[in-house]
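One letter stands for each residue in the lines below.
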Amino acid sequence: MRILFLGDVVGKPGCTAVCALLPRLIDRERISFVIANCENASTGGAGIEPARARELLGAGVDVLTSGNHVLKRNEIAAMLGEEPRLLRPANLPPGAPGAGWVVGHTADGTRVAVINMIGRVFMESVDCPFRVAETLLADVRARARVVVVDMHAEATSEKNALGWFLDGKVSAVVGTHTHVQTADERVLPQGTAFVTDTGMCGPVRSVIGLRPETAVRRFVNKLPVRYEVAGGPVLVQGVVIEVDPVKGMALGIERVQERWNR
């Protein structure tokens, strides 16, 4: 089976591009299951609004993962509690709305578990992603052989370490958050597919999806500047993971980049 994982969807342009291109990608790449990180899919580029989440799910995304911005908008809390296909990181403190993992199904009934984790290096303090993932796996693996982990983290070393920590225990560990697609996709020795970052689904002429002039001004002047999502052509980035549905281990992983013009 082939799983498509799309990197951070940024703003309205990223959401529109994903919805427009997804049917073509599913058909061309023979995709059985689609996962996308939506934590920057709101109109302003930080957080996720219920309307945007419903739009992505309606377009063919099977599970939405997220990260450190997921709770920035109060209106998403209710949806997190009601919509199991919308995840927040599993290692957030107790009491956070929603769930950190879910089991979905392909058209032929194959079960696919998706776990959402968040890193601690250069980010806010949360529970240890390594220990939480290890604790969850006993329950998760009892329900699904195919398991994909979204590691939403800043530090490349932390993402790589989790990949090796879970090698042979899950089908794939894919990194999100930096919006820059890395070229290190590979299958680790025990059968887990890994990539440090899947990239983003966002404007090409941008600084990680945002208008270059505002991002530059913030770095140069060190003054608070409201970020704005850039316009223009969009690059939809991610990875396709080929998995043995019986053993649950990866057979291959390859990067995807698809350009979309309004």
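Quick caveat: nothing in here was measured; it's all calculated off a predicted structure.

Visitor: Which residues make up the side chain of S206, and what are the values?
Guide: Relative to the helices and strands, S206 resides in the loop between strand 11 (200-203) and helix 6 (212-221). What makes S206 buried here is its relative accessible area of 19%. Here P203 takes part through its backbone oxygen, which lies 2.6 Å from a polar atom of the side chain of S206. One polar contact links the side chain of S206 to the main-chain amide nitrogen of G209, over a distance of 2.8 Å. Discounting chain neighbours no more than four positions away, the residues touching S206 are M200, P212 and A230.

Visitor: So what about the packing of aromatic side chains? Which residues, and what values?
Guide: Each aromatic ring pair is characterised by the separation of its centres together with the angle its planes make. This model, assessed by the stated rule, comprises one aromatic pair. Consider the rings of F130 and F165, whose centres lie 5.4 Å apart with planes at 75 degrees: the pair is edge-to-face. You can see F130 sitting in helix 4 (residues 129-143) and its partner F165 sitting in helix 5 (residues 156-165), a full 35 residues away along the chain. The class of F130 is buried, set by a relative accessible area of 18%. Sitting over the ring of F165, K169 keeps its end group 4.7 Å from the ring centre.

Visitor: Just give me the short version of the nonpolar core, but keep the residues and values in it.
Guide: Of all hydrophobic cores here, the largest spans 32 residues; its most connected members are L4, L6, L56, L64 and V236. Going through the elements one at a time, strand 1 (2-6), helix 1 (11-29), strand 3 (33-37), helix 2 (50-58), helix 3 (76-82), strand 12 (234-243) and strand 13 (250-260) are the ones with two or more residues in this core. Counting residues per element, this core draws most heavily on helix 1, at seven residues. When neighbours within four sequence positions are excluded, L56 is seen to be in contact with C15, V18, C19, C38, A41, V61 and L64. Counting 23 residues, the second-largest nonpolar core is a separate cluster that includes F130, L137, L162 and L166.

Visitor: Give me the pairing of strand 3: which residues, what numbers.
Guide: The element strand 3 is largely enclosed, with a buried count of five among its five residues. Here strand 3 shows two buried faces, one formed by F33, I35 and N37 and the other by V34 and A36. Direction of pairing for strand 1 relative to strand 3: parallel, over a ladder of four bridges. Its bridge partner being in strand 3, I3 is matched across the sheet by F33. Where strand 3 meets strand 4 (residues 63-65), three bridges bridge the pair, whose relative direction is parallel. In the sheet register, N37 faces strand 4, and the bridge partner there is T65.

The rules we used
Residues numbered from 1 in each chain as written. Predicted model: local features only at pLDDT ≥ 70, side-chain atom pairs only at ≥ 80, totals over all residues. Heavy atoms only, no water. Helix = DSSP H or I, 4+ residues; strand = E, 2+ residues; numbered from the N terminus. Buried < 20%, exposed > 50% of the residue type's maximum accessible area, 1.4 Å probe, protein only. Polar contact = N/O pair within 3.5 Å; in protein donor to acceptor, adjacent residues only side chain to side chain. Contact = heavy atoms within 4.5 Å. Phe/Tyr/Trp six-rings, centres within 6.5 Å; stacked < 30°, edge-to-face > 60°. Lys NZ or Arg CZ within 6 Å of the ring centre and 35° of its normal. Core = buried A, V, L, I, M, F, W, Y, C linked by side-chain atoms within 4.5 Å. Pairing = 2+ DSSP bridges.

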